[in-house]
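Coordinate analysis (summary)
Letter by letter, the chains look like this.
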Amino acid sequence: MTLDDLVDRDRDHDCVGVGPQRVCVRVVSVADLPTRFGRFRIVAFENNRDGKEHVAIVHGDVLDAEDVPTRLHSECLTGDAIGSLRCDCRDQLETALRRLATMERGLLFYLRQEGRGIGLINKVRAYALQDRGLDTVEANLALGFRDDERDYAIAAHMIESLDIVSVRLMTNNPKKIAQLTQFGVRVTDRIPHVIPPNEHNRFYLETKAARSGHWIDFHGKPHLEEQADPVVVEGSGLETSGTH
Ligand SMILES: [Zn+2]
Ligand SMILES: [Zn+2]
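Time to look at the sheet that holds strand β2 (residues 38-47). Backbone hydrogen bonds hold the strands of a sheet together, and the pairing may be parallel or antiparallel. Strand order in the open sheet formed by seven strands is β1-β2-β3-β5-β4-β6-β7, and the pairing between neighbours is mixed. The sheet is open, and its two borders are formed by β1 (25-35) and β7 (187-191), each paired with just one other strand. The average undirected angle you get between the axes of adjacent strands in this sheet is 25°. The sheet strands contacting helix α3 (residues 89-102) are β2, β3 (53-59), β4 (68-74), β5 (106-111), β6 (167-170) and β7, and the helix crosses β5 at an angle near 155°. Along the sheet face, helix α7 (residues 174-182) touches β4, β6 and β7 and points at about 160° away from the line of β7.

Okay, the pairing of β6 next. Note: β4 against β6, three bridges, orientation parallel. Bridge pairing in β6 links proline 69 to arginine 168. Where β6 meets β7, four bridges bridge the pair, whose relative direction is parallel. Bridge pairing links arginine 168 to aspartate 189 in β7. Of the crossover connections in this fold, the one passing from β6 over α7 to the parallel β7 is right-handed.

How each quantity is defined
- Residues numbered from 1 in each chain as written.
- Chains lettered and ligands numbered in written order.
- Predicted model: local features only at pLDDT ≥ 70, side-chain atom pairs only at ≥ 80, totals over all residues.
- Heavy atoms only, no water.
- Pairing = 2+ DSSP bridges.
- Helix = DSSP H or I, 4+ residues; strand = E, 2+ residues; numbered from the N terminus.
- Axes fitted to C-alpha atoms, helices over the stretch in contact; angles between N-to-C directions.
- Contact = heavy atoms within 4.5 Å.
- Right-handed = clockwise from strand over helix to strand, strands pointing away.

Spelled out as C-alpha cells, the structure:
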C-alpha cells in the first residue's frame, strides 16, 4: 500500500464519521510537493459532509508508522500567505515544515479553519474592531469561539485515513493531545513547538509574555491567537503557556 493507493481505496468511502459533527473525509488525490522547506507529498482530502477541502503534507513513509511527528495547523490566509504580523501563524507553519523535513518522517495537517473557524470575512471584521480600539474580550465575542472539537475530529479522521498507528504531537498545548485522544488517536508523546527568534517575532512575543498573555503589537493594539498553541520562542526564556 502506498499513498497513491489511498485514492482508490477511498473512492466510495463513507463512514459514520468522527465527533459531534459526524465529519467524514476521504483521500481524493496525492502528488509530489517540493517546497522551500524540503521535499513533501501532498494528500488532498474532501469532507463528504460539507465539501470542505483539507490537506496533509507528508514527509517520508508514514503509512502504518508509529510515533509519527505530527503538527496540526489551522489555515490563516493573512499570516500564512501574506505574512501579516497580526499573528504568528506563518512562523508556526514554517518552523513546523522545516523541522518535519529534517526528520525521518512527519506530517502536517493544514486544516481549513480560517479565523478560528469563523471564516476570513469575520476575521477581518474582528481586526477592524480591534483597529477601532475594542479589547480582546470584545473582539473575541465578535469572532465567536473556536469550534476546536470539529478541528480535532477532522484531523483524527485524516490520521486514521493515512493508517497512522500513533503520533507524536508537535504542540505546546497538552489540551490538544487530550482532545485528539478523545477521538481515538494514539498520541505517544509531545514534541515542544519552539520557534526560532527573528526580528519580527522577538518584540511582540516578549511584549505578549509581559502582558499576561495578551498580545499587544507595536501600535498597542490587542491581538487574538489564531493557532491553538501558546507560542514559545527559542532562547527567549519567555514561555507564554499557562498565562491565559
Ligand atoms: Zn469516514
Ligand atoms: Zn494567523
